[in-house]
Amino acid sequence: MSKNSSRFWDSPLTRSAVRSDAVRMPEMLLGYFIGPFGALLSSGIFTSMLQNYFTDVLKLDLAFLTALQLISTFLIVAANLIVGQLIERTRTKAGKARPWILLSALGISVSSVLMFIVPLDGTAKLVWIAIAYNLYYSVAYPIYNTANSTLIPVSTRDSKARGALASFTNVAGLGVMGCGSMIFPMLVSFALKEDQNLWFLAMLAIAIFSALTIYLQYRFTRERVTEEGASDVTDTPKAASLSQQLKAVASEKWWWIIILFYMGFQWSGAFKNGSMTYFCKWVLDNTFFGSADAWGASQSLLSILGAIPMAAASVVVVPLANKFGKRLVSMIGMIVGAAGGVIAGLGGGNIVPVAIGVALKCLGSAPACYLILAMLADVIDHIEYKSGIRTDGLTMSIYSSVMVAATPICNAIFSAMLGGSGYDQAADIALGTLGQTAAVQSAISVSYIWIETIAYVICAALIFFFTVEKNLPEEQKAIAERKGL
């Protein structure tokens, strides 16, 4: 590392504001809640509303959307894997993940508004959307999300502190999902409607906010594990090769269990989030609010009733996990969530049982949401104990790939389901449940309720076999002794 580079990372604007060896509240709040909240805000909105923006504002062809989202998935996965290896090989005084957090401040803020400019028509319009879509999902978001995910395992060896940091980060993620599914739909239904200029102004304001909070996250984080055993960054051991990392993770059963668990959890959630607006528009009986086209109010109500139990659970999940273990708490949560899904599914278009079921389902999903990064960090430590190498970059790039690819893949499948069932893009929303056929409503209900419900049952069975926590303290002690710490 050159002296100029060292001076850059030591400057007042780029050096970490965190000095304590222990994780304290300013780091938790600013580095792992407010920072990720701003960074992920556009993603939360996109998860809930981008598909609706494409189909009902830009009127894009459903076949084009299916092809775009499926093809983009390959670019997204490749980008996440590349970013993971770049992070693994980054050597700076700021760490290996934090420099990429700083870089993403520009990428996330700029790319998140490009899909809302669209100055062209016809084929050129489709090309613009394809490029803008991939600049966000295949470039900017992988850089931020992989680096952000890597921060948890490199932040500290303290398993309880990592659980708290993971909880803060995932509360931030749930917060942006709440904004995307509660506040923004109300803004769309009552103000933005189909006015593309208003959509652009709203996303521009969010982009500026994101850039500021990402910088805040960079300043209030620290990579204590990266710093271990190196008084100077040039002393840091050379990163393991990709083949070594692949061999280490592929031979570990608990790594496969937690990745498959997360894939089922995340992808089924992507189906739910991408179809929520459609469910509220065309399946729910919105006359509960006095008008058949009051779908924004219905979506906000479901989101609020889902957010309340998850917010309440944030207070107890980490203490319960510390007492009973992450595995048991997450497994019971999945069972509760599946029961809630059955109630919601049997409710049909009646908002009362649907709301009760959604609330139970969200309560059950809380442990997995809050603890997944901590569970991944535990597996990374276990692999380091067995193989002697860190696999943060590879594991978190795969984790990020699973997360980011979920939205385009599931939206592509959902677009195909809509097209195959005869979805009418020109239907009058004032018709409510009469605006679409029974086949369309069935496809929407399957996507919104039943896919996630079935996935929760499978996830509960998977996590039953996840017992990595049992010997983790002894393994971490052996790692420290090996490093002479």
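Remember, it's a predicted structure, so these values are computed and weren't measured experimentally.

Calculation rules
Residues numbered from 1 in each chain as written. Predicted model: local features only at pLDDT ≥ 70, side-chain atom pairs only at ≥ 80, totals over all residues. Heavy atoms only, no water. Helix = DSSP H or I, 4+ residues; strand = E, 2+ residues; numbered from the N terminus. Rg over C-alpha atoms; globule rule 2.2 N^0.38 Å. Contact = heavy atoms within 4.5 Å. Areas by Shrake-Rupley, 256 points an atom, 1.4 Å probe, with all protein chains shown as cover. Patch = residues over 30% accessible without salt bridge, like charges linked within 9 Å, V, L, I, M, F, W, Y side chains within 5 Å. Salt bridge = Lys/Arg side-chain N within 4 Å of Asp/Glu carboxyl O. Expected span 1.5 Å × (residues − 1). Bend = angle between axes of the 7 residues up to and from the residue. Buried < 20%, exposed > 50% of the residue type's maximum accessible area, 1.4 Å probe, protein only. Polar contact = N/O pair within 3.5 Å; in protein donor to acceptor, adjacent residues only side chain to side chain. Phe/Tyr/Trp six-rings, centres within 6.5 Å; stacked < 30°, edge-to-face > 60°. Lys NZ or Arg CZ within 6 Å of the ring centre and 35° of its normal. Axes fitted to C-alpha atoms, helices over the stretch in contact; angles between N-to-C directions. Parallel < 35°, antiparallel > 145°, perpendicular 65-115°, else oblique. Nonpolar A, V, L, I, M, F, W, Y, C, P; charged D, E, K, R; others polar. Disulfide = S-S within 2.5 Å.

A. Up close: the overall build of the chain. Helices and strands together make up the secondary structure of the chain, namely 16 helices and 0 strands. The C-alpha radius of gyration of the chain comes to 22 Å, within 12% of the 23 Å expected for a compact globule of 485 residues. Based on the C-alpha atoms only, the size of the chain along its principal axes is roughly 70 × 50 × 40 Å. Long-range contacts, defined here as pairs at least 24 residues apart, represent 85% of the contacts in the chain between residues at least 6 apart. Accessible area for the chain stands at about 18,700 Å²; split by element, carbon and sulfur atoms hold 70% of it.

B. Structural detail: the environment of T150. Summarising the element assignment, T150 is placed in helix α5 (residues 122-155). Contacts of T150, omitting those with residues within four sequence positions, involve I87, A97, D392 and M396.

C. Layout of a nonpolar patch on the surface. A cluster of nonpolar residues, V315, V316, L320, F324, L328 and I332, forms a patch on the protein surface that exposes about 510 Å² of accessible area. If you list the elements that add at least two residues to the nonpolar patch, you get α11 (295-324) and α12 (326-346). With 4 residues, the single largest contributor to the nonpolar patch is α11. The topology assignment puts V315 in helix α11.

D. Spotlight on helix α13 (residues 351-387). End to end, α13 covers 52 Å across 37 residues, agreeing with the expected 54 Å (1.5 Å per residue, within 8%). Residue L371 marks the point of greatest curvature in α13, where the axis turns by about 50 degrees. Taken across its 37 residues, α13 has 29 buried, putting it largely inside the fold. Where α13 begins, the capping side chain belongs to N350, and its oxygen is found 3.1 Å from the backbone nitrogen of V352. Once α13 ends, the next one or two residues include G388, with phi positive near 85 degrees.

E. Seen up close, the packing of aromatic side chains. Counted according to the given criterion, the structure contains 25 aromatic pairs. Measuring from ring centre to ring centre gives 6.5 Å for F37 and F209, while their planes differ by 80 degrees; the resulting arrangement is edge-to-face. You can see F37 sitting in helix α2 (residues 25-57) and its partner F209 sitting in helix α7 (residues 196-219), a full 172 residues away along the chain. Ring geometry for Y136 against Y137: centres 5.0 Å apart, planes inclined by 85 degrees, an arrangement best described as edge-to-face. By the ring-pair criterion, three or more aromatic residues cluster together here, those being F46, Y53, F54, F116, Y133, Y136, Y137, Y141, F184 and W199. When the ring centre of W295 is taken as origin, the NZ or CZ atom of K281, which lies over that ring, is 5.0 Å away. One cation-aromatic arrangement involves R327 over F464; the distance from NZ or CZ to the ring centre is 5.1 Å.

F. Region of interest: the pattern of salt bridges. As enumerated under the stated definition, the model contains 20 salt bridges in all. D381 is the partner of R162 in a salt bridge, and the nearest nitrogen-oxygen pair spans 2.9 Å. Of this pair, R162 sits in helix α6 (residues 159-192) while D381 sits in helix α13; the two residues are 219 residues apart in sequence, bridging distant segments of the chain. Here the salt bridges do not stand alone but share partners, grouping E88, K96, R157, R162, K326, D378, D381, E384, R390, D392 and E469 into one network.

G. Representation of the packing of helix α3 (residues 62-88) against helix α14 (residues 392-421). With their axes 8 Å apart at the nearest point, α3 and α14 run at an angle of 180 degrees to one another. Considered as vectors, α3 and α14 are oriented roughly antiparallel to each other. Broken down by class, the residue content of the contact of α3 with α14 amounts to 15 nonpolar, 13 polar and 2 charged.

H. Molecular detail of the state of the cysteines. Counted by the stated rule, this structure contains 0 disulfides. Cysteine C410 remains unbridged, with the sulfur of C459 as its closest cysteine sulfur at 13 Å. Left unpaired, C459 is separated from the closest cysteine sulfur, that of C369, by 11 Å. The buried category is assigned to C459, whose relative accessible area is 1%.

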